[in-house]
2 protein chains.
Amino acid sequence: MPGASLQEDLAQLFKVLGDHTRIRILNALYRSELCVCDLTSILGMNQSAVSHQLRVLRDAKIVRSKKQGKNVLYNLDDSHIFDLIRIGFEHVQEGE
Amino acid sequence: MPGASLQEDLAQLFKVLGDHTRIRILNALYRSELCVCDLTSILGMNQSAVSHQLRVLRDAKIVRSKKQGKNVLYNLDDSHIFDLIRIGFEHVQEGE
DNA sequence: TCATCATATGAACGATTCGTCATATGATAA
DNA sequence: TTATCATATGACGAATCGTTCATATGATGA
């Protein structure tokens, strides 16, 4: 039985994954590293809204960021995140 | 690029996974099939609260249920759900 | 230095969500 | 049938969440 705080962490991880805007961000990052301005135009959203969500994703260790000149580049954090997204998609697809 | 509605479905799947009570339920079901009364005592919660969350999990096709006499038995829906829980735990554990 | 571009952050509003209480449904046993 | 046990559901209140607006930070180039 995993400890109670691990279970809380797991719930928190999924909670952060459980938002349409954040899934769209992760889906874009699934393909390639992108900066905030790329994501802003891909999503067609407010820059502020995108930054807010990126902060949530960073805090949850779902994405990593690194500076490059004026820009900040974002990536999925590790292979677990790729796996969660892929398996999640498989599940919702087969439900159709 | 997965369709917009698939992305919405995926966000919804994770959203339902992203709650402490529901993770505790899923964690218990990861080990074995259980009825509502088992879950109620394992979680130490209101029967009503447990039933409400089981309904959310059922609607999201994360668990399956079957009647057995007076009881209703619950299981994780399929192997994807087992995988998501296992990989999620791996991710939060390695973050420690 | 100053102007500009890219990103981050704080406050606030509207919407959603979880647990509780009360009650309903449905099955078994007497 | 009636009593009882197991489960489900509706309504409500407190808390949480996502977006927007306004503004701040921080780096580049002139």
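In what follows, the structure referred to is the one given above.
The rules we used
Residues numbered from 1 in each chain as written. Chains lettered and ligands numbered in written order. Predicted model: local features only at pLDDT ≥ 70, side-chain atom pairs only at ≥ 80, totals over all residues. Heavy atoms only, no water. Near = heavy atom within 4 Å. Polar contact = N/O pair within 3.5 Å; in protein donor to acceptor, adjacent residues only side chain to side chain. Helix = DSSP H or I, 4+ residues; strand = E, 2+ residues; numbered from the N terminus. Least-squares fit on C-alpha atoms with pLDDT ≥ 70 in both. Contact = heavy atoms within 4.5 Å. Expected span 1.5 Å × (residues − 1). Pairing = 2+ DSSP bridges.

### Let's talk about the protein's contact with DNA strand C
Step number 1: In the vicinity of DNA strand C, 25 residues are found, and the nearest of them are Cys37(A), Ser48(A), Thr21(B), Arg22(B) and Ser48(B).
Step number 2: Counting only atoms of DNA strand C within 4 Å of the protein, the sugar-phosphate share comes to 59%.
Step number 3: Measuring from a base nitrogen of DNA strand C, one finds a side-chain N or O atom of Gln47(A) at 2.9 Å.
Step number 4: The leading source of residues in the surface near DNA strand C is helix α4 (residues 47-59) of chain A, at 6 residues.

### Comments concerning the relation of the copies chain A and chain B
Step number 1: If you rotate chain A by 180 degrees and push it 0.0 Å along the axis, it lands on chain B with an RMSD of 0.0 Å. One copy is carried onto the other by what is essentially a two-fold rotation axis.
Step number 2: Interface overlap between copies: 100% of the residues of chain A at the interface are likewise at the interface in chain B, consistent with a symmetric, same-surface contact.

### A look at helix α1 (residues 4-17) of chain B
Step number 1: Taking 1.5 Å of rise per residue, 14 residues should cover 20 Å, and α1(B) covers 20 Å from first to last C-alpha, within 8% of that figure.
Step number 2: Tucked inside the fold, the buried residues of α1(B) contact α1 (4-17), α2 (20-31) and α5 (79-94) of chain A together with α2 (20-31), α4 (47-59) and α5 (79-94) of chain B.

### As for the environment of Leu57(B)
Residue and element names in this part refer to chain B.
Step number 1: For Leu57, the location among the structural elements is in helix α4.
Step number 2: Leu57 sits 32 residues away from Ile25 along the chain, and the two C-alpha atoms are 9.5 Å apart.
Step number 3: Those residues in contact with Leu57 that sit more than four places away from it in its chain are Val16, Arg22, Ile25, Leu26, Ile62 and Val63.

### Digging into the pairing of strand β3 (residues 71-76) of chain B
Two faces, one strand: in a regular strand the side chains alternate between the faces of the sheet.
Residue and element names in this part refer to chain B.
Step number 1: For strand β1 (residues 34-35) and β3, the ladder comprises 2 bridges, and the chain directions are antiparallel. Across the sheet, Leu34 pairs through a bridge with Tyr74, a residue of β3.
Step number 2: The sheet contact formed by strand β2 (residues 63-68) and β3 spans 6 bridges and is antiparallel. When the bridges of β3 are listed, Val63 appears paired with Leu76.
Step number 3: Linking two consecutive strands that pair antiparallel, namely β2 and β3, is a turn of 2 residues; a positive phi of about 65 degrees is found at Gly69 within it.

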